[in-house]
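# Chains, contacts and geometry: an overview
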2 protein chains.
Amino acid sequence: MSTQSPAPLLLDPQVVEGVLARIAGRIGARHVLRAGDDVASYLMEERGLFHGTTPAVLRPGSAEEVAFVVGECAAAGLPFVPQGGNTGLVGGQMPFGSLLISLSRLDRIRDLDATDLTVTVETGVTLARVQEAARAQGCLFPLSIAAEGSCQIGGNLSTNAGGTAVLRYGNTRELTLGLEVVLPDGRLWNGLSRLRKDNTGYDLKDLFIGAEGTLGIITAAVLRLFPEPRQRATALVGVESPHAALALFRRLRSVAGDALTGFEFLPHFGMEMVLRHMPGTMRPLQGDHAYYALAELTSTRQDDDLSAMVLAVLSDAFEAAEVEDAVIAASEAQAAALWRLRENLSDAQKYEGGSIKHDVSVPVSKVADFVVEAARRCEAHMSGVRVCAFGHMGDGNVHFNLSQPVDMDKAAFIATWEDFNRIVHDLVASLGGSFSAEHGIGLLKKEELAHYKDKVALDLMAAVKRAFDPKGLANPGKVLMGR
Amino acid sequence: MSTQSPAPLLLDPQVVEGVLARIAGRIGARHVLRAGDDVASYLMEERGLFHGTTPAVLRPGSAEEVAFVVGECAAAGLPFVPQGGNTGLVGGQMPFGSLLISLSRLDRIRDLDATDLTVTVETGVTLARVQEAARAQGCLFPLSIAAEGSCQIGGNLSTNAGGTAVLRYGNTRELTLGLEVVLPDGRLWNGLSRLRKDNTGYDLKDLFIGAEGTLGIITAAVLRLFPEPRQRATALVGVESPHAALALFRRLRSVAGDALTGFEFLPHFGMEMVLRHMPGTMRPLQGDHAYYALAELTSTRQDDDLSAMVLAVLSDAFEAAEVEDAVIAASEAQAAALWRLRENLSDAQKYEGGSIKHDVSVPVSKVADFVVEAARRCEAHMSGVRVCAFGHMGDGNVHFNLSQPVDMDKAAFIATWEDFNRIVHDLVASLGGSFSAEHGIGLLKKEELAHYKDKVALDLMAAVKRAFDPKGLANPGKVLMGR
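Residue positions are given per chain, counted from 1 along the sequence in the order it is written. Throughout, the order in which chains and ligands are written sets their labels, letters from A for the former and numbers from 1 for the latter. Confidence filtering applies because this is a predicted model: local features only for residues at pLDDT of at least 70, side-chain atom pairs given and counted only at 80 or more, and all residues used for totals across whole chains, interfaces and linings. In computing side-chain values, all of the structure's heavy atoms are included and hydrogens and water are not.

## Quick notes on the overall build of chain A
How we decide: Only DSSP runs of H or I with at least four residues qualify as helices, and only runs of E with at least two residues qualify as strands; both kinds are numbered from the N terminus onward. The size measure is the radius of gyration over C-alpha atoms, and the globule rule it meets is 2.2 Å times the number of residues to the 0.38 power. Each accessible area value is a Shrake-Rupley result obtained with a 1.4 Å probe; residue values ignore everything except the protein chains displayed when judging cover. Charged residues are defined narrowly, with Lys and Arg counted positive, Asp and Glu counted negative, and His plus the chain ends left uncounted. Note on charges: their place is set at NZ of Lys, CZ of Arg, CG of Asp or CD of Glu.
Looking only at helices and strands, chain A features 17 helices and 19 strands. For 483 residues, the compact-globule estimate of 2.2 N^0.38 gives 23 Å, and the C-alpha radius of gyration of chain A, at 23 Å, lies within 12% of that figure. Approximately 16800 Å² of chain A is accessible, and the part contributed by carbon and sulfur atoms is 50%. In chain A, 46 side chains carry a positive charge and 58 a negative one; their mean positions are 5 Å apart.

## Some details on helix α10 (residues 306-319) of chain A
Since one α-helical turn is 3.6 residues long, residues separated by three or four positions face the same way. We apply this condition: In this scheme, a helix's expected span is set at 1.5 Å multiplied by one less than its residue total.
The terminal C-alpha atoms of α10 of chain A, which comprises 14 residues, lie 20 Å apart, in line with the 20 Å expected from a rise of 1.5 Å per residue. One or two steps after α10 of chain A, the chain reaches Ala-321 of chain A, where phi turns positive at roughly 60°.

## Some remarks on the pattern of salt bridges
Applied cut-off: We count a salt bridge whenever a side-chain nitrogen from Lys or Arg sits within 4 Å of a carboxyl oxygen from Asp or Glu. Throughout, exposure labels follow a simple rule: accessible area from a 1.4 Å probe, protein chains only, divided by the maximum for the residue type, with under 20% read as buried, over 50% as exposed, and the rest as partly exposed.
Enumeration according to the criterion identifies 54 salt bridges over all chains in this entry. The closest approach of N and O atoms between Asp-203 of chain A and Arg-173 of chain B, which form a salt bridge, is 3.1 Å. Here Asp-203 of chain A is found in the loop between β9 (188-191) and α7 (205-208), whereas its partner Arg-173 of chain B is found in the loop between α6 (166-169) and β8 (176-182) on a different chain. Two residues, Asp-395 of chain A and Lys-197 of chain B, come together in a salt bridge whose shortest N-O distance is 3.5 Å. One end of the pair, Asp-395 of chain A, is in the loop between β18 (386-392) and β19 (397-403); the other, Lys-197 of chain B, is in the loop between β9 (188-191) and α7 (205-208), on a second chain. Summarising the burial analysis for this pair, Asp-395 of chain A and Lys-197 of chain B share the class buried. Each member of the salt-bridge network shares a partner with another, and the members are Arg-108, Arg-110, Glu-122 and Glu-180 of chain A.

## Here we look at the interface of chain A and chain B
By convention, interface size is frequently given as the accessible area that disappears when the constituent parts associate. For clarity, the cut-off: Any pair of residues with heavy atoms lying within 4.5 Å of one another is described as a contacting pair. By definition, the buried area sums, over both parts, the 1.4 Å-probe accessible area that each loses when the two are put together. Under the rule applied, a polar contact is a pair of N or O atoms within 3.5 Å (in protein, one hydrogen donor and one hydrogen acceptor; residues adjacent in sequence only if both atoms are side-chain atoms). Each residue gets one of three labels, nonpolar for Ala, Val, Leu, Ile, Met, Phe, Trp, Tyr, Cys and Pro, charged for Asp, Glu, Lys and Arg, and polar for the others, Gly among them.
On the chain B side, the residues contacting the 85 residues of chain A number 85 residues. Contact between chain A and chain B buries roughly 6800 Å² in total, counting both sides, with carbon and sulfur atoms accounting for 54%. Of all residues in chain A, Lys-197, Asn-199 and Tyr-202 of chain A bury the most surface against chain B, accounting for 15% of the area lost on that side. For the pair chain A and chain B, the interface holds 46 residue pairs in polar contact (both at pLDDT 80 or more). Elements supplying a minimum of two residues to the side of chain A that touches chain B: α6 (166-169), β9, α7, α8 (242-256), α10 and α17 (455-468) of chain A. Looking at the side of chain A that touches chain B, the element that brings in the most residues is α17 of chain A, giving 10 residues. Partitioned by chemical class, the residues of the side of chain A that touches chain B number 36 nonpolar, 26 polar and 23 charged.

## Observations regarding the pairing of β9 of chain B
Residues and elements named next belong to chain B. This is how it is decided: If DSSP finds at least two bridges between two strands, the strands pair.
Across the two faces of β9 the burial differs, with Trp-189 and Gly-191 buried and Leu-188 and Asn-190 not buried at all. Direction of pairing for β8 relative to β9: antiparallel, over a ladder of four bridges. Bridge pairing in β9 places Glu-180 opposite Asn-190. In this structure, the hairpin formed by β8 and β9 is closed by a connection of five residues, where Gly-186 is found at a positive phi of approximately 95°.

## Some remarks on the UniProt feature "domain: FAD-binding PCMH-type" (unreviewed entry) in chain A
Where we set the bar: UniProt positions are given in the numbering used here, feature names are shortened, and annotations may be inferred rather than shown by experiment.
Those places that UniProt annotates as "domain: FAD-binding PCMH-type" (unreviewed entry) correspond, in this numbering, to residues 50-228 of chain A. Helix makes up 21% of residues 50-228 of chain A and strand 24%, with an end-to-end C-alpha separation of 39 Å.

## So, the relation of the copies chain A and chain B
To be explicit about the condition: Least squares is the method used to superpose the copies, on C-alpha atoms of residues holding a pLDDT of at least 70 in both.
Expressed as a screw transformation, the operator carrying chain A onto chain B has a rotation angle of 180° and an axial translation of 0.0 Å, and the superposed copies differ by an RMSD of 0.0 Å. The superposition operator between the copies reduces to a two-fold rotation axis. A share of 100% of interface residues in chain A that are also interface residues in chain B marks the association as one of identical surfaces.

## Notes on the state of the cysteines
Residue and element names in this part refer to chain A. Test applied: The disulfide criterion used throughout: a pair of cysteine sulfur atoms within 2.5 Å.
Within this structure, the stated rule accounts for zero disulfides over all chains. Left without a disulfide partner, Cys-151 is nearest to the cysteine sulfur of Cys-139, which lies 20 Å away. Overall, Cys-151 belongs to the buried group, its relative accessible area being 3%. Cysteine Cys-378 is unpaired, with the sulfur of Cys-388 as its nearest cysteine sulfur at 13 Å.

## Some remarks on the domain arrangement of chain A
Residues and elements named next belong to chain A. Our working definition: As used throughout, domain bounds are those supplied by an automatic or database domain assignment.
Domain parsing of chain A yields domain 1 (13-105), domain 2 (109-227), domain 3 (231-339) and domain 4 (353-438). Relative to domain 4, the C-alpha centre of domain 3 lies at a distance of 24 Å. Facing the 14 residues of domain 3 at the interface are 18 residues of domain 4. Surface buried jointly by domain 3 and domain 4 totals about 1400 Å² across both partners, of which 72% is contributed by carbon and sulfur atoms. Considering only the side of domain 3, the residues that lose the most area to domain 4 are Leu-246, Phe-265 and Phe-269, jointly responsible for 43% of the buried surface there.

## Overview of the packing of aromatic side chains
To describe a pair of aromatic rings, you give the distance between the ring centres and the angle between the ring planes. Residues and elements named next belong to chain B. Worth spelling out the cut-off: The aromatic pairing rule takes the rings of Phe, Tyr and Trp, using the six-membered ring of Trp, and pairs them if the centres are within 6.5 Å, calling planes under 30 degrees apart stacked, those over 60 edge-to-face and the rest tilted.
Summed over the entire model, instances satisfying the criterion amount to 18 aromatic pairs over all chains. Ring centres 6.4 Å apart and planes at 70° place the aromatic pair Phe-50 and Phe-96 in the edge-to-face group. Here Phe-50, found in the loop between α2 (40-43) and β2 (57-58), pairs with Phe-96, found in the loop between β3 (80-83) and β4 (99-102); they are 46 residues apart in sequence, far enough to count as distant. Under the relative-accessibility criterion, Phe-96 is labelled buried at 7%. With centroids separated by 5.8 Å and ring planes inclined at 35°, the aromatic side chains of Phe-435 and Tyr-452 adopt a geometry described as tilted. You can see Phe-435 sitting in the loop between α15 (417-430) and α16 (446-452) and its partner Tyr-452 sitting in helix α16, a full 17 residues away along the chain. Each member of the pair, Phe-435 as well as Tyr-452, is classed as buried.

## Digging into the sheet that holds strand β1 (residues 32-33) of chain A
Backbone-to-backbone hydrogen bonds pair the strands of a sheet. The strands run either parallel or antiparallel. All names here are of chain A. Stated precisely, the cut-off is as follows: Axis lines are fitted through C-alpha atoms, for helices just across the contact stretch, and the angle between N-to-C directions can take any value from 0 to 180 degrees.
Taken together, the four strands give an open sheet; going across it, the order is β1-β2-β4-β3, and neighbouring strands pair in mixed fashion. The sheet is open, and its two edges are formed by β1 and β3 (80-83), each paired on a single side. Along the sheet, helix α3 (residues 63-76) makes contact with β2 (57-58), β3 and β4 (99-102), crossing β4 at roughly 165°.

## Focus on the pairing of strand β12 (residues 231-239) of chain B
All names here are of chain B. Burial runs high along β12: seven of the nine residues are buried. Bridge count between β12 and strand β14 (residues 291-299): nine bridges; the pairing is antiparallel. Across the sheet, the residue bridging to Ala-233 is Leu-297, located in β14.

## Some points on the packing of helix α13 (residues 367-381) of chain B against α15 of chain B
Residues and elements named next belong to chain B. Our working definition: Should an angle fall under 35 degrees it is called roughly parallel, over 145 degrees roughly antiparallel, and 65 to 115 degrees roughly perpendicular, with every other angle called oblique. Crossing handedness: left-handed means the near helix sits turned counterclockwise from the far one by under a right angle, and right-handed means the same turn made clockwise.
Relative orientation of the contacting elements α13 and α15 amounts to 155°, with a least axis distance of 10 Å. One element, α13, and the other, α15, form an angle in the roughly antiparallel class. Judged by the twist between their axes, the crossing of α13 over α15 is right-handed. Where α13 approaches α15, its residues Phe-370, Glu-373, Ala-374, Arg-377, Cys-378 and His-381 are matched on the opposing element by Asp-419, Phe-420, Ile-423, Val-424, Leu-427 and Val-428. Among the residues making up the contact of α13 with α15, the classes are represented as eight nonpolar, one polar and three charged.

## Observations concerning the nonpolar core
Note that soluble globular proteins tend to have their nonpolar side chains buried in a common cluster. What counts, and what does not: Side-chain atoms within 4.5 Å link the members of a nonpolar core, which is a set of buried Ala, Val, Leu, Ile, Met, Phe, Trp, Tyr and Cys residues.
Residues Phe-141 and Phe-208 of chain A together with Phe-141 and Phe-208 of chain B are the most contacted members of the largest nonpolar core, which totals 93 residues. For Phe-141 of chain A, the residues in contact, after removing those within four places along its chain, are Leu-127, Val-130, Gln-131, Ala-134, Ile-153, Leu-175, Leu-223, Arg-224 and Leu-225 of chain A.

## Remarks on the sheet that holds β4 of chain B
All names here are of chain B. Here four strands make up an open sheet; going across it, the order is β1-β2-β4-β3 and the pairing mixed. Looking at the sheet topology across the chains shown, the edges are occupied by β1 (32-33) and β3. Inspection of the sheet shows β3 paired to β4 by four bridges, in the parallel sense. Its bridge partner lying in β4, Val-81 is registered against Leu-100. The sheet contacts of helix α3 (residues 63-76) involve β2, β3 and β4, and relative to β4 the element is tilted by about 165°.

In structure tokens:
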């Protein structure tokens, strides 16, 4: 894992000044931020793992201005890093000597069509704004992640963000019909298709999605909308093990089918952290349980009784001794309170000292086995380490996080990061899983990528990178090895 | 349009003989078919537009044998064309002097997991066999196209096949989790992931899907399954216009939401052709109607009453004078009979003389406008031409087919193909649509691709091709311009 900022690239100051002058002439001098200006927020990564450096933060205001900025960089051979809401967890948005291109000013919702169920948005629109715009027209944009208030669509696309509704609606990739992209040479590709079917040549769109800005800069996208659900049922269930949670998942899916839109889980330790540290949270069930499952069902139909459906399934599960206790939200407010328990988990963990995090996925059928075995191996490796394995069980996606032993020094714990990585990721690999389910590679995981990824796939990735960015200027040193 | 077979590539016979001898040594001489052997079925394209030529048909029996065959071709610089069930409609599967690699012997279903909802199949398995294997485990593989009895999964993947359930389940691309691919240099890439979430580098899988064999040969895939629907409701509705059909689509989607899995339409002329020419078909409604919509709803829930839901929607639509007459299937047999009317349409058209076909898509909101305007322009261009516009209204996908005027010479009509292409495809382009929604490019539409596709996209496609296949050996002369 690259948990330290690399030495910054050294650019020729004269070349840089010339390029910045031309860029200022096009996008306005006030949109070229230099040292002394307010650039700190662009260069600080949330977890504090990385501190960026840059000669300037550039804030173009349109796709054409992005194309101009990138074209100038390309002509002068200057590397550049695109940045959205700066909420990424793997350092992909941090410049180390490169120019930083902030996309925040590309913030228009260009079009929303409720018949086509599409919305065309610029890259700097926050996820929450897209959700709101859809809702205002009776539609749903189902992508939902913890950072949705500040993360931007361009970042969601570049990292193929997942979240809590993947089970039913898919990742960001599956929610995207078309893209507009500035290529590393400054050309603008207009691929803003609204079509559900279009078999005219190679699928270029999906190369840019999840490429973390290393193949170009996404400036706009056509996203899929869905009819807004008319009903929702949310249940929090206490169970004795991850295996019991998985059994409940199967049972619910079998009865509810597509109506099951989310199935999350968290452990006792996670629940306790949230209740201890996060104001406004309340214990959902009377007793304690080893694990908790959070299930959400939605329906777009007019006359439907989802709560009755959930109740029937839970009754059967009680009889089969698969669940210990459960509550079904009786109101939107109660449902929101249940979701807060899950959504506050990452924040709550900050109060328990150092944490070492893994964002992994395995086939759904193996998720419970994985959680049990990974916990056993980690606890065997370090006495007192506190495992908090939670996440999106229905997608096989586990945030396998470790909090430091209570009495341990934080830095000493963090120093064992590599050891735990190897333990967890080796197990994941042996189960046919992924060491990065939804957060991407960035800087943090590029050694893991080099270690675990199929070598033929790495060769093909490098070939694509060379084909699209022969000078290696787009987000250098990210995803792939090398600078 | 390339409606003639190109002049065959000329290969050095000595080189060919040497390569074939080595291949025969590995895969068995009986799997190397030469002139005089039974190769005619491999070289004849269904519509008779193209006649292939090849020095030999190679039938490897495993992914490793495919890798060996391709490796030998690569070492000797010999071009090769992969072929599945030979049901493609654009000539992509035809060799013109290249070696032909038939994938039919890679026909194992390697694994099916009903918890993970995945099936791992080799490329030569027919679509119908995948459907059956899923059904045997209580699962659904939703891809469904007219050729499903003989087309193979490898061809479905290479053309990103669409079909009748795209509205709910997506194209083949959305149904695919992982691939195994032999690259043009003979290396084997194992990307058989079963994961729902995996953000570890560029999305290579989606480059091969829809690439029509020009970037490598798909040898196996992990496909997504779904819970098998427990209920189904099928309705055939007579309406006065494409706009009325679109209004019914909106109305149904609004009430039924995700339960609406298919929404097809066909015109009066299409219905008459089917009833006239296809044995065993029966008039579904008493009177005649300008257009017919075929709606299918499915549900995975245990207690559900889809027919009642459809009936309620149709009652409202009657009152709004949006529909003229309707029938809801009372049995599986009746539902199958209704679907036969739609599925037999392409075959029925063969009995009406020459036909010029377009497989186009537009945004869903524009599909009715398109059908009306395209018909108007075509009828203005040639008096007596008979328009049969039908297809997947819910996806915006129209098969805009023209039957020759009754008294016209077939060859004279076919000679006007280019004119009608320009009329129809120019209109499609002006509506932001695609001139190839689900059939692909192959040989037939590569001039259209060069004409209509964004030039930057064409450059990127060429860059990908060079990166993956620098010698240009994989399915040469298909999709992209050049040989």
